[in-house]
Amino acid sequence: MKTAPQNSPIVGVVRLPHSNGLDLPAYETAGAAGMDLRAAVPEDRPLLILPGKRALVPTGLILEIPEGFEGQIRPRSGLAFKHGITCLNTPGTIDSDYRGEVKVLLVNLGDEDFVVTRAMRIAQIVFAPVTRAAIEERSLAGSTERGAGGFGSTGSA
Ligand SMILES: O=c1ccn([C@H]2C[C@H](O)[C@@H](COP(=O)(O)OP(=O)(O)OP(=O)(O)O)O2)c(=O)[nH]1
Ligand SMILES: [Mg+2]
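Keep in mind the model is a prediction, meaning the values are calculated, not measured.

## Considering the sheet that holds strand β10 (residues 121-129)
The antiparallel open sheet is built from 4 strands, whose spatial order is β2-β10-β5-β7. In this open sheet, the two strands that pair with only one neighbour each are β2 (35-38) and β7 (92-94). Averaged over all adjacent pairs, the angle separating strand axes in this sheet is 35 degrees, with direction ignored. Here strand β5 (residues 69-74) runs beside β7; their pairing, made up of 3 bridges, is antiparallel. Looking across to β7, one finds that I73 is bridged to G92.

So, in structure tokens, the structure goes:
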């Protein structure tokens, strides 16, 4: 089953010309959390990412995410495991009011050159509800058992 349940939020997709011919994001399996995103680089101009370098990869897509949701751009574990390719800013945040092209910031943490070819599945996007909080300034923080302890204060084992 590649379709979503009936009550799922509807995300609009607008294609930019350079995504013509590419599959739209879709869940690959019935229980997949993320939809894979494809690289909209030109067929005849693949993108080379040298070891230690980063690149902003176009998807050719504008998303219209409903208010109250966000898109999280996450790495694909296969690319990370096999090639050391991950998203530098993971999880990348796609705001519901963003109307620019979704881009994926890849970094090559491996030892070898990595070539991004057209239609390659480079990352995945997870849609998630967002809670927007209100900030209230206070003069003192209430006391807790943890207090100011952090960064390993409870021990390492
Ligand atoms: O991996 C990403 C992360 C962000 N964006 C787009 C969508 C997002 O809504 C916008 C802003 O992202 P973010 O808030 O993370 O970046 P910023 O550095 O704070 O930029 P801005 O000042 O535009 O908010 O950039 C992407 O296309 N890919
Ligand atoms: Mg921002």
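## Here we look at the side chain of N108
Its place among the elements puts N108 in strand β8 (residues 101-108). Within the local environment of N108, its side chain forms a polar contact with the backbone oxygen of I49, the two atoms lying 2.9 Å apart. Of note is the side chain of N108, whose polar atom sits 2.8 Å from the backbone oxygen of E112. Those residues in contact with N108 that sit more than four places away from it in its chain are I49, L50, P51, G52, K53, H83, G84, I85, D113 and F114.

The rules we used
- Residues numbered from 1 in each chain as written.
- Chains lettered and ligands numbered in written order.
- Predicted model: local features only at pLDDT ≥ 70, side-chain atom pairs only at ≥ 80, totals over all residues.
- Heavy atoms only, no water.
- Pairing = 2+ DSSP bridges.
- Helix = DSSP H or I, 4+ residues; strand = E, 2+ residues; numbered from the N terminus.
- Axes fitted to C-alpha atoms, helices over the stretch in contact; angles between N-to-C directions.
- Polar contact = N/O pair within 3.5 Å; in protein donor to acceptor, adjacent residues only side chain to side chain.
- Contact = heavy atoms within 4.5 Å.

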